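Summary of structural features
What follows is the residue order along each chain.
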Amino acid sequence: MKKISSRENKPSPFLRLMKKGHGKTGYKAKNGKFLMTMSEDSHKRIASLIRKWLEQDEKKNAE
């Protein structure tokens, strides 16, 4: 019978790829946290801009 390997000890292909990329770019957790903070703010601004566009479209369609 074939042995089934445990998936707990084996990282996913995506995780291996991310670790390899982090090594090449010199990724540091401190920089990662900073970038996530900045991107969260960008998401809020993008969402408010999309909301504004949708409101403008609704006004145009109502007229």
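Below you will find a few notes about this structure. (Residues numbered from 1 in each chain as written. Predicted model: local features only at pLDDT ≥ 70, side-chain atom pairs only at ≥ 80, totals over all residues. Heavy atoms only, no water.)

Right, let's get into the overall build of the protein chain. Scanning the protein chain from terminus to terminus reveals 2 helices and 0 strands. A total accessible area of about 6700 Å² is found for the protein chain, and carbon and sulfur atoms account for 60% of it. (Helix = DSSP H or I, 4+ residues; strand = E, 2+ residues; numbered from the N terminus. Areas by Shrake-Rupley, 256 points an atom, 1.4 Å probe, with all protein chains shown as cover.)

Quick look at a nonpolar patch on the surface now. A cluster of nonpolar residues, I46, L49, I50, W53 and L54, forms a patch on the protein surface that exposes about 490 Å² of accessible area. Among the secondary structure elements, I50 is positioned in helix α2 (residues 29-62). (Patch = residues over 30% accessible without salt bridge, like charges linked within 9 Å, V, L, I, M, F, W, Y side chains within 5 Å. Salt bridge = Lys/Arg side-chain N within 4 Å of Asp/Glu carboxyl O.)

Okay, helix α1 (residues 13-25) next. Each turn of an α-helix holds 3.6 residues, which means side chains three or four residues apart point in the same direction. For α1, which comprises 13 residues, the first-to-last C-alpha distance of 19 Å matches the rise-based estimate of 18 Å (1.5 Å per residue) to within 8%. Just downstream of α1 lies G26, where phi reads positive at about 70°. (Expected span 1.5 Å × (residues − 1).)

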